[in-house]
Amino acid sequence: MKSIRKAGIILLILSLVAMLAACGSGSKDAQEANSNGSEQGKTITSIGEGDGKHGKIKVEVTFESNEIKDIKVLEQKENEVLAEPVYKELKDIIIATNSAEADAISGSTVTSQGYIEAVKDAVAKAGLTLVAKQAEGNGQAEEPAEQTYDVVVIGAGGAGFSAALEAKQAGASVVLLEKMPTVGGNTLISGGEMNAPNTWVQKNLGIEDSVELFVEDTLKGGDNKGDPEMVRVLAENAAEAAEWLKNELKVNFLEDNLFQFGGHSVKRALIPEGHTGAEIITKLDKRVDEVGIKLKTNTKAEKLLTDDSGRVVGVEATGAKGNKITFHANKGVVIATGGFGSNVEMRKQYNPEYDEKYMTTDAPGTTGDGIVMAQAIGAAITNMESIQTYPVCNPKTGVISLLADSRFDGAILVNQSGERFVEELERRDVISKAILAQEGGYAYQLWNQEIGDISNTVEVHKNEYEMLVKDGLLHKAETLEEAAKFFNIDPKALQTTVDRVNKFAASGKDEDFNHRAGLKDMSKGPYYIQKAVPSVHHTMGGLVINTETEVLNDKGEPIPGLYAAGEVTGVIHGSNRLGGNAIADVITFGRIAGQQVAK
Ligand code: ADP
């Protein structure tokens, strides 16, 4: 990974604009206010600020003889994994070129911009005029154009990491290719919750569950379009996969809480610490490094290579500098490239409904590459028209609202008229369609402090909370009337709705929408009200695999040497994936793929 990252740096360095924008004329007052002296050889420091994705980024820049020598981040709230290359590689580029006119790190654009802005602010406050210089180190070693491993895994999300680790564990030499500068894909930015029946947490909480019930819920949730045999493999192996994460990878799951996502009969979703996929990806990434798997970021797989017999024997890829690299695979290739939620053209190709009018919750790298590459050598695809929207997303950015997980603890959804219109624990597709059918195509999620206290989502997702409040998309109100007025809802109508909810909470029967977990009393404030729209979230369709994760062709025969796991596959979730089943899918089948390919 490191060498590829260095290569990325060189590429970015080469593309730098040579001149630094003038940031002030070096006024003596400014220097004195911020410095320990500005003459030749003297060190001065200056503090600057910029706006990142999740709030302010504050840096301290150290200058010596008008050159940037160091940049320290003093304050920030960015996603740890996505910000890593910004605080390391972008920093190195700025120092090496003595210029903040740098390109953003792809996939971490907003964090990059905030960081650059903060550095520029610090330069301006120091009153310095920097002279950009040519970066050293252009002669660093290039990636060899031909490389051979036992196993090549494409895509460093949950499925790819799991496959790589299992293949390595089985004794194979493994390379993991990731086209973005950062790892994690959709797995990283998801809530990270993972369904499994009969887990230690269900036992802690005295919840009865079974493989049968999990299979039944999952198949029903996907309109029985999922493959029952594959769903059974998922149900039978998910608990073991969760234990692998917990015991082997040291992923921390909450011991005393589970989510019951829509469509599930019982609470069965394990919640990782921090309620995001970062806990899982950080631990997987660390282990990959420890066991010596070669992780190559900025390396995009373009084409699967086959021999005369049709066996997959490698991958043609493009490296960070646009250089071609052939990765030969002695044993096989695992495709773990995720879905195609970020590829609007591909969405439209398979289902015209999911065009530009939808934003997406998905990572920028999820563009369906694995599907296209495998199709080119005869792989079969299925369920491609099934594209899922997540109902409660940010109306400005399309980003999924994890804060709104209070819905699983009893929050209700109302429309602009202050009326409920759907069961809040219905399937995502049902809720999304219901929201789009309301006035304006949006909804409000409403909950009170007592409901909020159950999973404490406002505290856990504090950055999201602050952003939504700042953007006027979420309001905390002492009274229901205040909550209604904030969004121009008729207060009387909202009161009537909440009175009815309280009545159904007391009787234990939601006579309007039959809330499956039972409604909660909301008579006491304070209240939280949040505006939301649906956004494209998961593509259920993809490659056809069998129980060994072998990719099948149109005749139903395995393509030798080719395996796939995770969102790139299309046989598990049918027409609609249930919440918490993606992480279960990617870890369970990722592990199987790694074990199988290494055989
Ligand atoms: P899953 O949940 O199935 O593991 P993710 O979305 O978490 O899927 O991860 C898929 C990863 O694959 C993403 O990080 C994405 O950037 C990466 N990826 C997609 N296409 C390619 C490609 N052509 N080459 C290398 N990596 C890819």
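### Structural notes on the overall build of the protein
Argument step 1. What the protein contains, in helices and strands, is 19 helices and 21 strands.
Argument step 2. Taken over C-alpha atoms, the radius of gyration comes to 26 Å for the protein, in line with the 25 Å a tight globule of 599 residues would show.
Argument step 3. Counting all 599 residues of the protein, 58% fall into the buried class.
Argument step 4. In the protein, the proportion of contacts linking residues at least 24 apart, taken out of those at least 6 apart, comes to 72%.
Argument step 5. Charge-centre separation for the protein: the mean point of 62 positive side chains lies 2 Å from the mean point of 86 negative side chains.

### Some words on the environment of E450
Argument step 1. By the element assignment, E450 lies in helix α14 (residues 449-455).
Argument step 2. On the basis of relative accessibility, which here comes to 41%, the residue E450 falls in the partly exposed class.
Argument step 3. For the pair E450 and D409, spaced 41 residues apart in the sequence, the C-alpha separation amounts to 9.7 Å.
Argument step 4. At 3.4 Å, the side chain of E450 and the side chain of K524 are in polar contact.

### Let's talk about the packing of aromatic side chains
Argument step 1. The full count for this structure, using the stated rule, is 13 aromatic pairs.
Argument step 2. The interplanar angle of 15° and the centroid separation of 5.4 Å between the aromatic rings of W447 and Y528 together place this pair among those described as stacked. Here W447, found in strand β16 (residues 443-448), pairs with Y528, found in strand β18 (residues 527-539); they are 81 residues apart in sequence, far enough to count as distant.
Argument step 3. One aromatic cluster is present, built from ring pairs that chain together Y442, Y444, F486 and F487.
Argument step 4. Cation over ring: K246 sits above W200, and NZ or CZ is 4.7 Å from the ring centre.
Argument step 5. A cation over a ring is seen here: R428 above F261, with NZ or CZ 6.0 Å from the ring centre.

### What to know about the packing of helix α5 (residues 158-169) against helix α19 (residues 581-597)
Argument step 1. Their axes nearest at 7 Å, the elements α5 and α19 cross at an angle of 35°. The handedness of the crossing between α5 and α19 comes out as right-handed. Of the residues in α19, those touching α5 at G158, A159, S162, A163, E166 and A167 are V586, I587, G590, R591, A593, G594, Q595 and V597.
Argument step 2. Taken together, the residues of the contact of α5 with α19 sort by class into seven nonpolar, five polar and two charged.

### Side note on helix α8 (residues 211-221)
Argument step 1. Every buried residue of α8 is listed here: F214, V215, D217, T218, L219 and G221.
Argument step 2. Packed against the buried residues of α8 are β6 (194-195), α9 (228-248) and α19.
Argument step 3. Immediately downstream of α8, the backbone of D223 shows phi near 55°, a positive value.

### A short note on the packing of α8 against α9
Argument step 1. Viewed as axis vectors pointing N to C, α8 and α9 meet at an angle of 135°, and their least axial separation amounts to 9 Å. It follows from the interaxial angle that α8 and α9 lie oblique. With respect to the hand of their crossing, α8 and α9 are arranged in right-handed fashion. Contact residues: α8 offers V211, E212, F214, V215, T218 and L219, while α9 offers P228, V231, R232, L234, A235, E236 and A238.

### A few points about the site of the ligand
Argument step 1. In the vicinity of the ligand lie 26 residues, with A159, E178, N186, T187 and E567 positioned nearest.
Argument step 2. N186 is positioned with one of its backbone polar atoms (N or O) 2.9 Å from an oxygen atom of the ligand.
Argument step 3. In this structure, A301 approaches the ligand through a main-chain N or O atom, which is 3.0 Å from a nitrogen atom.
Argument step 4. Considering the ligand on its own, with 580 Å² of exposed area, one finds that the protein chains cover 98% of that surface.

### Remarks on the domain arrangement of the protein
Note: interface size is frequently given as the accessible area lost on complex formation between the parts.
Argument step 1. Each domain of the protein was delimited in the assignment, giving domain 1 (43-126), domain 2 (146-192 + 276-386 + 540-597) and domain 3 (389-535).
Argument step 2. Contacts between domain 1 and domain 2 engage nine residues on the former and eight residues on the latter.
Argument step 3. Taken together, the connections running from domain 1 to domain 2 amount to zero salt bridges.
Argument step 4. Connecting domain 1 to domain 2 are zero residue pairs in polar contact (both at pLDDT 80 or more).
Argument step 5. Residues belonging to the side of domain 1 that touches domain 2 are distributed by class as follows: four nonpolar, four polar and one charged.

### A look at the environment of F161
Argument step 1. Following the sequence through the fold, F161 ends up in helix α5.
Argument step 2. Along the sequence, F161 and V586 sit 425 residues apart, while their C-alpha atoms lie 9.4 Å from each other.
Argument step 3. Filtering out sequence-adjacent residues up to four positions away, F161 remains in contact with G155, A156, L176, V183, I281, L284, D285, V288 and L295.

Definitions and cut-offs
- Residues numbered from 1 in each chain as written.
- Predicted model: local features only at pLDDT ≥ 70, side-chain atom pairs only at ≥ 80, totals over all residues.
- Heavy atoms only, no water.
- Helix = DSSP H or I, 4+ residues; strand = E, 2+ residues; numbered from the N terminus.
- Rg over C-alpha atoms; globule rule 2.2 N^0.38 Å.
- Buried < 20%, exposed > 50% of the residue type's maximum accessible area, 1.4 Å probe, protein only.
- Contact = heavy atoms within 4.5 Å.
- Lys, Arg positive; Asp, Glu negative; His and termini not counted.
- Charge placed at Lys NZ, Arg CZ, Asp CG, Glu CD.
- Polar contact = N/O pair within 3.5 Å; in protein donor to acceptor, adjacent residues only side chain to side chain.
- Phe/Tyr/Trp six-rings, centres within 6.5 Å; stacked < 30°, edge-to-face > 60°.
- Lys NZ or Arg CZ within 6 Å of the ring centre and 35° of its normal.
- Axes fitted to C-alpha atoms, helices over the stretch in contact; angles between N-to-C directions.
- Left-handed = near helix turned anticlockwise from the far one by under 90°.
- Nonpolar A, V, L, I, M, F, W, Y, C, P; charged D, E, K, R; others polar.
- Parallel < 35°, antiparallel > 145°, perpendicular 65-115°, else oblique.
- Near = heavy atom within 4 Å.
- Areas by Shrake-Rupley, 256 points an atom, 1.4 Å probe, with all protein chains shown as cover.
- Domains from an automatic or database assignment.
- Salt bridge = Lys/Arg side-chain N within 4 Å of Asp/Glu carboxyl O.

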